[in-house]
Amino acid sequence: MKTIKGLTRRAGLALAASVAALPMLGISGEAQAASVPVRGGKMIFGRYADSLFLDPVLNDANVDIWVMTNLYDTLLQPTADGAGVQPGLATKWALEDGGKKLVLTLREGVKFADGTPMEASDVKWSLDRARNPKLGPWGDLVGSITDVAITNPSTITLTLKTPDPTLLAALATFNTAILPQKLFEAAAGATDEEKAKAFAEKPVGTGPFRLSEWKREVSMKLVRNPHYWKMGADGKALPYLDELEFQIVKDDSTRLLKLKAGELHGTELVPLTRVKELQADPQIRMELWPSTRVVYLSMNNRPKLKDGSANPLSNVKVRQALNYAVNKDAMIAIVTQGQGVPMTSYMSRTTPLYVKQDLYKVDVAKAKALLAEAGFAQGFETSAMLVSGNQDQLNIATAVQQMWAAVGVKLKLEPLDNASLTKRYRAEDFAMRTSAWTNDIADPGQITSYFAYFPNIGSLHTGFQNDRIDALYKASLEEIDPAKRAAQYREIQEVYAAQAPILFLFETPYAVAFRKNAEGFVQIPLGNNLFEAAYVTK
Amino acid sequence: MNRGTWLLGRLAQIVPSFLLIGVVVFVLARLLPGDPVSAVLGDRASDATIARLTAQLGLDRSIFAQFVGFLSGILRGQLGDSIAYRVPVTRLIGERLPATLLLTGFAMVLAIVIAVPLAFVAALREDRWPDLLIRGVFQVGLSTPVFYVGLLLLTGLAARARLFPVGGYGEGWLEHLWYLFLPALTLAFSFAAILMRSLRSSILLVLTAEFVDFARSKGLPPRQILGRHVLRNALIATVTLVGLHVGSLLGGAVITESVFAVPGVGRLMVDSIFARDYPVIQALTLVLAVLVSLAFLVTEIVQMWLDPRVGR
């Protein structure tokens, strides 16, 4: 990667190390910059949906999270492989007091996009806001912090309730981005939420770009932040682009037509069924970035369903049988035309502390035997909710339906609109549902707290409860010995795999397509779209 | 009854119908299963987060209290903030309405420009090859789904031939018209088919009327007979049809706007329904109701002008 040359040495090394690890899924794109970066110009990128609310703390959607890194920076930043952290607005960090204090050294000379210098007070204020449990859904990610202190103008000291192994990852997560306190507080409104609304209309951060114009649902124009601190391959400040325009084109076919007609330089969320077609197009470069996205069916594990009927899925043998009855490779071929890999744990391969599990290689005979042992030799009938109009979910559900028919299990499909489905799911009124997950933080803790740890949201509302997993997870929250924590997560993944509370399916990459003259884009496994080193030739 | 009183009476009828529409949409939105908070926060949010946002949005109040708030808001000209976008509904709709109006207006003009001359050709050559050809082509137009026509035009005229932009809205009026040509044509296609058929049969009917025979026997030139007598009389039914179709054109705009990436209210309405974004659904329904009512009113006024018997 040529683009890393000019980064600060530490950042450059970290990035190089992580990029080398990129093709881990065997599905990495041809994303390596093939030419010398060009400065100036404009890139037009087609998005499937507009952002809703560009406040790091109060937002709650990927459409915000995935573009915010172009506007704001965090103290630490995720590495390109999503597994580690590298310097961001902080250049050094050190744990003290047995892991109960973190001392961060702030980068010198950082300015916000409006030219005002970033000060330690901005950092303290931003972190205090991020950890305020009354503001937004992400406070828990930095819930271990009890105090943020300005030790001197370039040093911040965090005091922790207990040692927190996820803290570094949390300081590289969008919600801890540093905002200009004075500008935010000068925004119109009385409450934090009102001020955030006003501020997020024209956000100012230390990121590579500044928002210059936002027509909701139409376009978002970002212009170069002339004060950005990161250096490009030519030894001058990034970003390369003068302007970055996001155009909102919701219809997949239209977005791809616009790309092919040259009206867009690139576009995201290419339907996986169209990847091969675009790979064959000489003007297009298909990039498949490793993601943290796992696609699965969650099952209700409770003895009885909401309507009072007995639930065969509460029997672990039934759940294992259903897993054995599904051919994941065939599923991947059907649903994604081969653009995916089977799940080998409930967490993606890109998640730190992931351990490969032997997850139910298709074995119809074994599935039948397990069903017979469970007392369902003749099979049974069950149902799965899916979002109506979602072609992928329909393909998944019908494929599962056919595969299970071979072992006598009859699956009824219940297509629902998303709001109705969510309502029933939250009320735990379901047998199964199709679903997908992406991590927000480079740590196994978040996905585990949702998938496997009962006290959070009842293990994805499945009702699955395993005391051993719950105990291991709780212990892992304060375990700062990496080896011990890894062992805890190994065991959690083993127990979870054996208990099979969900139907394990597959992982998919992020499919992003660019015209050949647009290069340098990076999407990390957490989903962040990085345009800081993107450029357009010709 | 004179026409001024008639107009006032018509306007007075609109007010209670808005009130009724307001009540219906308010109740319907809340009858949909699911709620805006879980739609916004998804299935991972904790119950506490859900409860907090519900209270913040005032959705924990009784339906009646919410309705009173909604009504008093309307009277004060405040339609509230969108739950999903967190910006005032009036701004959200104000930004998008022009595109939809331009699109439907453009489509209507195109449909009329296409349908009227062809209807004459078809009627005057009844059951001969021009008539059969025109009717055949429009039959296909009528039975092809809008999104499919749209995709065909996009792929053929925009992506391949590069005659038009693939999608979007452009900047400034000229570009707007340029960008909206294909979507308007798509939208106009099936509507033109209906118009053409209706106008063709009206013309045929009028052509057999006694006053046309009379005009002919007076020795009026055919152009004048067609232009003044036939067209004007045949148009009465067609104008009614155009007026009645404003609603379905706005409905068709939903699909065309999606396919052609036009930033109109159609797509906003669909998205808001899926997100259970009550304030947007309510306000947008009222705005569309105003538009359709106005279209009906204009239709009646035009009818009155074409046919002096109407409104007496």
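Conventions used here
- Residues numbered from 1 in each chain as written.
- Chains lettered and ligands numbered in written order.
- Predicted model: local features only at pLDDT ≥ 70, side-chain atom pairs only at ≥ 80, totals over all residues.
- Heavy atoms only, no water.
- Core = buried A, V, L, I, M, F, W, Y, C linked by side-chain atoms within 4.5 Å.
- Buried < 20%, exposed > 50% of the residue type's maximum accessible area, 1.4 Å probe, protein only.
- Helix = DSSP H or I, 4+ residues; strand = E, 2+ residues; numbered from the N terminus.
- Contact = heavy atoms within 4.5 Å.
- Buried area = accessible area lost by both parts, 1.4 Å probe.
- Salt bridge = Lys/Arg side-chain N within 4 Å of Asp/Glu carboxyl O.
- Polar contact = N/O pair within 3.5 Å; in protein donor to acceptor, adjacent residues only side chain to side chain.
- Domains from an automatic or database assignment.
- Patch = residues over 30% accessible without salt bridge, like charges linked within 9 Å, V, L, I, M, F, W, Y side chains within 5 Å.
- Areas by Shrake-Rupley, 256 points an atom, 1.4 Å probe, with all protein chains shown as cover.

**Q** How should I be thinking about the nonpolar core in this particular structure?
**A** In summary, soluble globular proteins display a tendency toward joint burial of nonpolar side chains. Residues and elements named next belong to chain A. Ranked by size, the top nonpolar core spans 80 residues in total, and within it Met-43, Leu-54, Leu-75, Leu-158 and Phe-531 carry the most contacts. For this core, the element with the most residues is helix 3 (residues 120-131), which contributes 5 residues. In this view, Leu-158 contacts Lys-100, Lys-101, Leu-102, Leu-104, Leu-127, Ile-145, Asp-147, Val-148, Leu-167 and Leu-171; residues no more than four positions away in its chain are not counted. Within the second largest apolar cluster, 66 residues are counted, among which are Leu-416, Ile-447, Ala-452 and Ile-492.

**Q** How do you make sense of the interface of chain A and chain B when you look at a structure like this?
**A** Reports of interface size often rely on the accessible area that becomes lost once the parts have come together. In this assembly, 41 residues from chain A lie in contact with 43 residues from chain B. Buried area between chain A and chain B, summed over both chains or domains, comes out near 3400 Å², and the portion from carbon and sulfur atoms is 48%. It is Arg-216, Leu-257 and Arg-426 of chain A that lose the most area in chain A upon contact with chain B, and together they represent 18% of the buried surface on that side. Salt-bridge contacts for Glu-171 of chain B lead to Lys-221 of chain A; the nearest nitrogen and oxygen are separated by 3.5 Å. Applying the counting rule to chain A against chain B returns 13 residue pairs in polar contact (both at pLDDT 80 or more). Listed by contribution, the elements that provide at least two residues to the side of chain A that touches chain B are helix 6 (192-201), helix 7 (252-260), helix 13 (418-426), strand 17 (432-437) and helix 15 (454-461) of chain A. By residue number, the principal contributor to the side of chain A that touches chain B is helix 13 of chain A, which donates 6 residues.

**Q** Looking at this structure, I do not really get the domain arrangement of chain A. What am I missing?
**A** Residue and element names in this part refer to chain A. Here chain A is described as being made up of domain 1 (36-265 + 528-538) and domain 2 (291-509). Distance from the C-alpha centre of domain 1 to the C-alpha centre of domain 2: 33 Å. On the domain 2 side, the residues contacting the 19 residues of domain 1 number 14 residues. Between domain 1 and domain 2, a total of about 1200 Å² is buried, with carbon and sulfur atoms accounting for 64% of that surface. The three residues of domain 1 that bury the most area against domain 2 are Pro-163, Pro-165 and Thr-166, which together make up 32% of that side's buried surface.

**Q** Would you mind going over a nonpolar patch on the surface with me for this structure?
**A** Residues and elements named next belong to chain B. A cluster of nonpolar residues, Leu-19, Leu-20, Val-23, Val-24, Val-27, Leu-28, Leu-31, Leu-71 and Ile-74, forms a patch on the protein surface that exposes about 760 Å² of accessible area. When contributions to the nonpolar patch are tallied by element, the ones reaching two or more residues are helix 1 (3-31) and helix 4 (63-75). Element by element, the count of residues in the nonpolar patch is highest for helix 1, at 7 residues. Inspection of the secondary structure puts Leu-31 in helix 1.

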